[in-house]
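Understanding the architecture of this molecule
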Amino acid sequence: MMPQLDYSIQFNALTELLKLTQPLWQVVAFDCHDLPWQEDFPRLAERVWQIDDANLDAIDSDQTLLVGHLLSALQADLTGLGQSSQLPLLHWLTSGSDKAIFTKSNLNLSIATSELSHFSAHIKGRKWQQIVAFTEQVFSQPTIYPVLEWCAGKGHLGRLIAKTQQCQVTSLEWQQALCDDGQAFAQQWQLEQQFICADAFAAIDVTDSASPIKTKQHAVALHACGDLHVRLLDLAAKANTQAISISPCCYHLIHAKYYQPLSRLAQQAQLSLSRHDLQLPLQQSVIASKKQNALRIQEVAWRLGFDSLQRDIRKIDQYLPVPTLKQSQLSGSFSDFCHWAAKQKGLVIANHIDIESYLVIGKQRQRLTQRIDLVRHVFRSVLEQWLVLDRVCFLTEQNYHVTLSKFCPSSITPRNILIDAKKTI
Ligand SMILES: C[S@@+](CC[C@H](N)C(=O)[O-])C[C@H]1O[C@@H](n2cnc3c(N)ncnc32)[C@H](O)[C@@H]1O
C-alpha cells in the first residue's frame with residue numbers, strides 16, 4: 001500500500017515523464033511517412049530499424065523486453081537533448097509490472113465445490129476468474145454496507161458478492177434483457193440482488209432517497225468503460241459513498257473529444273489527450289500464431305498501400321477509413337482488394353494506375369508504422385498509471401483513503417488494476 005502523498009508525487013513524476021517524451025507516444029502512426037521524432041531521437045531511430053521484423057511482435061508483447069531493448073538509446077537521446085537530469089524518471093517505464101503491486105488474498109469464498117460449478121455455469125472462464133479475484137480482493141474484510149454494482153451486465157459479480165457476503169446487492173444496468181437474466185439467476189439462488197434498469201448518464205440526484213447511489217453503501221464497478229466508471233466516481237463522491245472499488249477500462253470511451261481530467265492535479269498538468277492517445281494503454285499485442293501474424297501484417301500493408309493510392313487519387317493527403325474486410329479477401333489479390341476498397345469509398349481507379357507499386361509502398365509503411373507503434377508502446381503502462389492516478393488523486397481530494405493494487409495476474413485480464421477507496425470523513 002502506498003501513502004496518499006506518494007500517489008501525488010508519483011502522479012507528478014509521470015506527468016513530467018509523459019511531457020518529456022510526448023513526441024514519442026503522442027503520434028498517429030498511419031499519418032506518418034517517416035519516424036516523426038527521428039531528428040531529436042536519432043539513436044532510438046537507429047535502434048528500432050536494427051530490430052528484425054520477425055522479432056517485433058515478441059518484443060512488443062513483453063514490456064520488460066521492450067523497454068530493455070530501447071532504454072539505452074532513449075537515455076542517450078535525452079542526454080543529447082540536454083535532459084540528463086530527467087533520466088531518473090525513466091525508471092517509471094517498468095514500475096507497473098505485476099510484481100510491483102499485485103497482491104492476492106486467499107479469501108475462502110464459502111461456496112461448496114459442488115455448488116461452485118453450478119453457480120459459475122453461465123459465466124465464461126476468464127470472466128469467472130476475474131469476478132472471483134475481484135471479490136476476494138475487495139471483500140477480504142466482510143462488508144458492513146449494502147453493495148451497488150455499477151454497469152452490471154447480468155450481475156455475475158453482484159451475484160457472487162451477494163452469495164459470499166450474504167449482503168444486499170443492487171445491480172444497475174441499462175439493457176433490459178441483461179437485467180431480466182440477472183434477476184432470474186438471483187431468484188434461482190435466492191439471493192438479495194435487485195436489478196435497476198437505468199441509464200448511468202440519466203440525471204441522478206444523490207440527495208434523493210430514491211437515488212441508486214447512497215452514502216451507506218459500497219459501490220463496485222468491474223470494467224465499466226471510460227465515462228461510465230468516471231460517472232460513478234463523480235456521483236459516489238457527491239453522495240459521500242462510504243466505499244468504492246473499481247477496476248477501470250477503455251479510457252478512450254468518452255463523450256468528450258479530449259480527456260477531461262478528474263483531479264485538480266491532473267487539471268493543472270495541462271496534458272491534452274485525444275481518444276487516440278487514450279487507446280494506448282489497451283494496445284497490448286498478444287502472441288498469435290505465425291499464420292495469424294502474417295495475415296495481420298499483410299492486411300496492414302494492404303490497407304496502407306490502398307491508403308497511399310486513395311490519397312493520390314483524391315489528391316487529399318488524409319487517411320480514409322476502410323470497412324472491415326473478410327479474412328477470405330486476404331487470399332485474393334492486392335489489386336482486387338484495392339478495387340473493392342475503392343468501391344466502398346465511391347472512388348474509381350483509372351486503368352493507367354500501377355496498383356502493384358502501391359503494394360510496395362504499403363509494405364514499407366507497414367514496417368514504419370510497426371516501429372512507430374513499438375516506441376509508443378513503451379509508454380502504454382505509464383499512461384495507464386497516469387490515468388489511474390488521476391482517479392486516485394480525485395478520490396483523495398474528495399477525502400477518501402485510496403489503495404491501489406492489482407486484483408489478478410495480467411494473463412487473466414490486462415485490465416487488472418483495482419482502485420479501492422474508503423471515505424475518511
Ligand atoms: C464491459 S461491460 C461490464 C459488465 C460487468 N461489469 C462485467 O464485468 O462483466 C459494461 C456494461 O455496462 C453496460 N452499460 C453501457 N452503457 C451503460 C449506461 N449508459 N448505463 C448503464 N449501463 C451501461 C453495458 O450494457 C454492459 O453490460
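Residues numbered from 1 in each chain as written. Predicted model: local features only at pLDDT ≥ 70, side-chain atom pairs only at ≥ 80, totals over all residues. Heavy atoms only, no water.

Another point: the overall build of the protein chain. In terms of helices and strands, the protein chain carries 17 helices and seven strands. For the protein chain, whose C-alpha radius of gyration is 24 Å, the value lies close to the compact-globule estimate of 22 Å for 425 residues. For the protein chain, the spread of C-alpha atoms along the principal axes amounts to about 70 × 50 × 40 Å. The burial tally for the protein chain puts 50% of its 425 residues in the buried class. Counting only contacts in the protein chain whose residues sit at least 6 apart along the sequence, the fraction spanning at least 24 positions is 73%. Working note: accessible area of the protein chain is about 20,200 Å², and carbon and sulfur atoms make up 53% of it. (Helix = DSSP H or I, 4+ residues; strand = E, 2+ residues; numbered from the N terminus. Rg over C-alpha atoms; globule rule 2.2 N^0.38 Å. Buried < 20%, exposed > 50% of the residue type's maximum accessible area, 1.4 Å probe, protein only. Contact = heavy atoms within 4.5 Å. Areas by Shrake-Rupley, 256 points an atom, 1.4 Å probe, with all protein chains shown as cover.)

Around the ligand there are 15 residues in total, and Lys127, Glu173, Asp199, Ala200 and Leu222 lie nearest to it. Contact between the ligand and Gln175: an oxygen atom at 2.9 Å from a side-chain N or O atom of the residue. Ala200 is positioned such that a nitrogen or oxygen atom in its backbone is 2.8 Å from a nitrogen atom of the ligand. When isolated, the ligand has an accessible area of 590 Å², and the protein chains bury 80% of it. When its residues are assigned to classes, the shell around the ligand shows nine nonpolar, three polar and three charged. (Near = heavy atom within 4 Å. Polar contact = N/O pair within 3.5 Å; in protein donor to acceptor, adjacent residues only side chain to side chain. Nonpolar A, V, L, I, M, F, W, Y, C, P; charged D, E, K, R; others polar.)

Along helix H3 (residues 42-50), the residues classified as buried are Leu44, Ala45 and Val48. Down the axis of H3, the buried set is contained in an arc of 100°. They therefore lie on one face. Along its buried surface, H3 packs onto helix H2 (22-25), helix H5 (63-80) and helix H16 (355-377). (Arc of directions from axis to C-beta.)

Proteins that are soluble and globular tend to have nonpolar side chains buried together. Grouped together as the largest cluster of nonpolar side chains are 81 residues, with contacts concentrated most on Trp150 and Trp386. Of the residues that make up this core, three or more belong to each of domain 1 (122-265 + 392-423) and domain 2 (290-376). If near-sequence neighbours (up to four positions away) are discounted, Trp386 is found in contact with Phe11, Leu14, Thr15, Leu18, Tyr259, Ala266, Ala269, Leu271 and Leu273. By size, the runner-up hydrophobic cluster in this structure holds 25 residues, among which are Ile123, Ala133, Leu222 and Ile412. (Core = buried A, V, L, I, M, F, W, Y, C linked by side-chain atoms within 4.5 Å. Domains from an automatic or database assignment.)

The next thing to look at is the UniProt feature "domain: Methyltransferase" (unreviewed entry) in the protein chain. Under the feature "domain: Methyltransferase" (unreviewed entry), the UniProt entry names residues 129-256. With 37% helix and 23% strand, the stretch residues 129-256 has end C-alpha atoms that lie 33 Å from each other. (UniProt positions renumbered as here; feature names shortened; annotations may be inferred.)

Right, let's talk about the state of the cysteines for a bit. As enumerated under the stated definition, the model contains zero disulfides in all. Left without a disulfide partner, Cys167 is nearest to the cysteine sulfur of Cys179, which lies 18 Å away. (Disulfide = S-S within 2.5 Å.)

Moving on: unusual backbone geometry. Backbone phi values are negative for most residues with the exception of glycine, while trans is the configuration of most peptide bonds. With phi around 50°, Gln166 is a residue other than glycine that occupies positive phi space. Along the chain, the position of Gln166 falls in the loop between helix H9 (156-165) and strand S2 (169-173). Judged by its relative accessible area of 63%, Gln166 falls in the exposed class.

A few words now on the side chain of Arg371. Inspection of the secondary structure assignment puts Arg371 in helix H16. Look at Arg371 and you get buried, because its relative accessible area is 0%. Residues within four places of Arg371 in sequence aside, it is in contact with Leu35, Val48, Trp49, Ile51, Asp52, Asp53 and Leu56.

This paragraph deals with the packing of helix H11 (residues 226-239) against helix H17 (residues 380-397). The interhelical angle for the contact between H11 and H17, taken along N-to-C directions, is 10°, at an axis separation of 11 Å. Taken together, H11 and H17 sit at an angle that is classed as roughly parallel. Counting all contacts with H11, which are made through His229, Val230, Leu233, Asp234 and Ala237, the residues of H17 involved are Arg391, Phe394 and Leu395. Of the residues contributing to the contact of H11 with H17, the split by class is five nonpolar, one polar and two charged. (Axes fitted to C-alpha atoms, helices over the stretch in contact; angles between N-to-C directions. Parallel < 35°, antiparallel > 145°, perpendicular 65-115°, else oblique.)

In this fold, Lys345 is placed in the loop between helix H15 (334-344) and H16. Residue Lys345 is classed as partly exposed on the basis of its relative accessible area of 32%. Residues Lys345 and Gln310, spaced 35 residues apart in sequence, show a C-alpha to C-alpha distance of 9.3 Å. Among residues more than four places away in sequence, those in contact with Lys345 are Leu320, Pro321, Val322 and Pro323.

Here we take up the confidence of the model for the protein chain. Mean pLDDT over the protein chain works out to 92, with 95% of the residues at or above the 70 mark. A low-confidence stretch, residues 97-103 (pLDDT under 50), is modelled with 15 contacts involving residues beyond four sequence positions or located in other chains. (pLDDT = per-residue confidence, 0-100.)

With that settled, the discussion passes to the environment of Lys326. Along the chain, Lys326 turns up in the loop between helix H14 (290-314) and H15. Separated by 82 residues in sequence, Lys326 and Cys408 have C-alpha atoms that sit 35 Å apart.

Spatially, seven strands are ordered S3-S2-S1-S4-S5-S7-S6 in an open sheet, and the strand pairing comes out mixed. Two strands close off the open sheet at either side, each with one partner strand: strand S3 (193-197) and strand S6 (400-406). This sheet shows a mean twist of 15° between the axes of neighbouring strands, independent of strand direction. Of the pairings in the sheet, the one linking S2 to S3 comprises five bridges and is parallel in character. Within the sheet, the bridge partner assigned to Val169 lies in S3 and is Gln193. (Pairing = 2+ DSSP bridges.)

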